[in-house]
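Fold and geometry: a report
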Amino acid sequence: MRIIVQKFGGTSVASPEVRELVLRKVERARDQGFSPVVVVSAMGRQGAPYATDTLIGIARTAYKGIAARELDQIMYCGEMISAVVMAGTLQAAGMEAVMLTGGHAGIITDATFNNARILKCDPTRIISLLKQGKVPVICGFQGMTGDGEFTTLGRGGSDTSASALGASLNAEMVEIYTDVDGIMTADPRIVNDAKILDCISYGEVCQLAHQGAKVIHPRAVEIAMQKNIPLVVKSTFSDAPGTLITNIAKEDTDGAAVIDKVATGVTYLTNIVQIKVHLDETMASDASFKVFKTLADSDISVDLINVHPGQIMFTINADHAERAAAKLKRQGYEIELLENCAKVSVVGGGMREVPGVMASFIEALSCNKIAILQTVDSHTSISVLVPQSDVGAAVKSLHEKFGLST
Ligand code: ADP
Ligand code: ASP
Ligand code: MG
């Protein structure tokens, strides 16, 4: 059996017209000899009646701080509705489509509501349906704990469902259908001349996704990478070939990796607060450790970390800023908060040991008079913290500077 997993995002299942396009993609996979496994997200984006954001809004009208477990019980409903409607669409075309929840499909998670981790994925039921010539239509984003509680896999988590199912089924390929023709050198909503990448490595796309490129969930990439399952990101709305994600970015005719550019893409994260904690010699020797321990104990993750003798500097998501500041002040630390920041990153396997990358990066920003608040780099990425009001200009200027517009 040649299994293909086809995941359709919110905009791909939003109306009867686009669901017909989904039907065609499923039919084509069958015509090519595949047994398709369909995974769907909730219908539409923010504002649509059954979109995940709408459901969250409903729960939060009762109580803004509603508990994570209760929030999951409404969030998973979007995918239920979508999978029923999609199964109906396929049935109307004569296919034997069977709607399955994440739990029915064998996705077992831990009990971290709103951001559950998949512990195992048992493909028995899906394989049995495929052997009978049926098409499973599975709710993305959902899992189930060992004791039967519904969980969700983190925002954008239908990609993770598709990858986990692909890995457990040993699928030939996992296709992620969305509203753009593939992974691009930058978010096309910011950079008009962003280019589609025909291939990219798991490592690079994982970094792009972690640094904010919402086109695919990083966990989906990590799962596919572990089993070396090819992922293809493509559009429901066109026949463009999309972006192939595998273990090498590009091959020449002898199969060797080819890296023709220093940078592969530019991405950004907003809603960030920078925190500076002042330290002085009267403080205990473990003062720095206690700062991070306080944050860890409050489940607040930190990024862009610099530790100096007199000062610690780091960033956190703005949603946690008030809580973090209160905890640190209560411990007696003197702190400074800088709100409305954004992190802009250039990612590329080709920048390893290439001199001058940082110089180009800084030049692009300073030419546009963009303040640099902090930087961090690795072998394959450089990130900078800038005022959020400059995020668009920073992404555009770096995209241009690193030759991604040509
Ligand atoms: P879906 O609902 O299909 O999962 P998403 O909204 O999660 O769709 O992801 C697709 C969107 O990701 C695109 O509409 C695009 O605006 C955005 N995006 C951000 N960065 C990139 C990028 N580097 N390449 C392509 N799309 C990107
Ligand atoms: N519907 C979920 C979300 O909006 C999952 C997904 O779309 O992948 O986060
Ligand atoms: Mg998505």
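Since the structure is predicted, the reported quantities are computational estimates derived from the model, not experimental observations.

Take the overall build of the protein chain next. Scanning the protein chain for helices and strands turns up 12 helices and 18 strands. Over its C-alpha atoms the protein chain spans a radius of gyration of 23 Å, differing by no more than 12% from the 22 Å that the globule rule assigns to 406 residues. Considering only C-alpha atoms, the protein chain reaches an extent of 75 × 55 × 35 Å along its principal axes. With 406 residues in all, the protein chain has 50% of them scored as buried. When contacts within the protein chain are restricted to residue pairs at least 6 apart in sequence, long-range pairs at least 24 apart make up 73% of them. Measuring between centres, the 37 positive side-chain charges of the protein chain sit 4 Å from its 44 negative side-chain charges.

Within the structure shown, the criterion is met by 4 aromatic pairs. Aromatic side chains phenylalanine 292 and phenylalanine 314 sit 5.8 Å apart centroid to centroid with 55 degrees between the ring planes, which places their arrangement in the tilted category. One end of the pair, phenylalanine 292, is in helix H9 (residues 287-297); the other, phenylalanine 314, is in strand E15 (residues 311-317), with 22 residues separating them in the sequence. We classify phenylalanine 314 as buried; its relative accessible area is 0%. Looking at arginine 2, its charged tip hangs above the ring of phenylalanine 34, at a distance of 4.2 Å from the centre.

It is worth spelling out the site of ligand 1 at this point. Taken together, 18 residues surround ligand 1, and among them Arg45, Thr178, Asp179, Met184 and Arg189 come closest. Here an oxygen atom of ligand 1 sits 3.2 Å away from a polar atom, N or O, in the main chain of glycine 10. For ligand 1, the protein covers 88% of the area, taking 570 Å² as the surface of the free molecule. Here the shell around ligand 1 is built from residues that sort into 8 nonpolar, 4 polar and 6 charged.

We now examine the UniProt feature "domain: CASTOR ACT" (unreviewed entry) in the protein chain. Taking the UniProt record as the reference, the feature "domain: CASTOR ACT" (unreviewed entry) is found at residues 339-400. For residues 339-400, helix accounts for 34% and strand for 34%, while the C-alpha atoms at its two ends are 28 Å apart.

The sites that UniProt annotates as "binding site: ATP" (unreviewed entry) are Lys7, Phe8, Gly9, Gly10, Thr178, Asp179, Arg189, Lys214 and Val215. Here lysine 7 lies in strand E1 (residues 3-8). When near neighbours in sequence (up to four residues on either side) are disregarded, lysine 7 contacts Val39, Ser41, Ser158, Asp159, Ala162, Glu175, Ile176 and Tyr177. If near-sequence neighbours (up to four positions away) are discounted, valine 215 is found in contact with Asp159, Val180, Ile183 and Val233.

All right, on to the site of ligand 2 then. Taken together, the residues surrounding ligand 2 are Ser41, Ala42, Thr52, Glu79, Phe141, Arg155, Gly156, Gly157 and Ser158. Threonine 52 places a polar side-chain atom, nitrogen or oxygen, 2.7 Å from a nitrogen atom of ligand 2. The separation between an oxygen atom of ligand 2 and a polar main-chain atom of serine 158 is 3.0 Å. Considering ligand 2 on its own, with 260 Å² of exposed area, one finds that the protein chains cover 84% of that surface.

A few words on the packing of helix H7 (residues 202-210) against helix H8 (residues 218-227). Packing of H7 against H8 leaves a shortest axis separation of 8 Å and a crossing angle of 160 degrees. One element, H7, and the other, H8, form an angle in the roughly antiparallel class. Both H7 and H8 take part in a crossing whose hand is left-handed. Contact residues: H7 offers Tyr202, Gly203, Val205, Cys206, Ala209 and His210, while H8 offers Pro218, Val221, Glu222, Ala224 and Met225. For the contact of H7 with H8, the class distribution of residues is 8 nonpolar, 2 polar and 1 charged.

Among the structural elements, glutamate 175 can be located in strand E9 (residues 173-178). For glutamate 175, a relative accessible area of 7% corresponds to the buried category. Once the C-alpha coordinates of glutamate 175 and alanine 162 are considered, the two residues, 13 residues apart in sequence, prove to be 8.3 Å apart. The residues contacting glutamate 175, other than those within four sequence positions of it, are Ile4, Val5, Gln6, Lys7, Val232 and Lys234. Among the polar contacts listed, one links the side chain of glutamate 175 to the side chain of glutamine 6, at a separation of 3.1 Å.

Another aspect to go through is the pattern of salt bridges. Under the counting rule described, the total for this entry stands at 14 salt bridges. Here lysine 25 and aspartate 239 are joined by a salt bridge, their closest N and O atoms 3.4 Å apart. You can see lysine 25 sitting in helix H1 (residues 16-31) and its partner aspartate 239 sitting in the loop between strand E11 (231-235) and strand E12 (243-246), a full 214 residues away along the chain. For the salt bridge of aspartate 286 with lysine 290, the shortest nitrogen-to-oxygen distance reads 3.6 Å. Among the charged side chains, a network of salt bridges with common partners joins Lys25, Arg28 and Asp239.

About the criteria used
Residues numbered from 1 in each chain as written. Chains lettered and ligands numbered in written order. Predicted model: local features only at pLDDT ≥ 70, side-chain atom pairs only at ≥ 80, totals over all residues. Heavy atoms only, no water. Helix = DSSP H or I, 4+ residues; strand = E, 2+ residues; numbered from the N terminus. Rg over C-alpha atoms; globule rule 2.2 N^0.38 Å. Buried < 20%, exposed > 50% of the residue type's maximum accessible area, 1.4 Å probe, protein only. Contact = heavy atoms within 4.5 Å. Lys, Arg positive; Asp, Glu negative; His and termini not counted. Charge placed at Lys NZ, Arg CZ, Asp CG, Glu CD. Phe/Tyr/Trp six-rings, centres within 6.5 Å; stacked < 30°, edge-to-face > 60°. Lys NZ or Arg CZ within 6 Å of the ring centre and 35° of its normal. Near = heavy atom within 4 Å. Polar contact = N/O pair within 3.5 Å; in protein donor to acceptor, adjacent residues only side chain to side chain. Areas by Shrake-Rupley, 256 points an atom, 1.4 Å probe, with all protein chains shown as cover. Nonpolar A, V, L, I, M, F, W, Y, C, P; charged D, E, K, R; others polar. UniProt positions renumbered as here; feature names shortened; annotations may be inferred. Axes fitted to C-alpha atoms, helices over the stretch in contact; angles between N-to-C directions. Parallel < 35°, antiparallel > 145°, perpendicular 65-115°, else oblique. Left-handed = near helix turned anticlockwise from the far one by under 90°. Salt bridge = Lys/Arg side-chain N within 4 Å of Asp/Glu carboxyl O.

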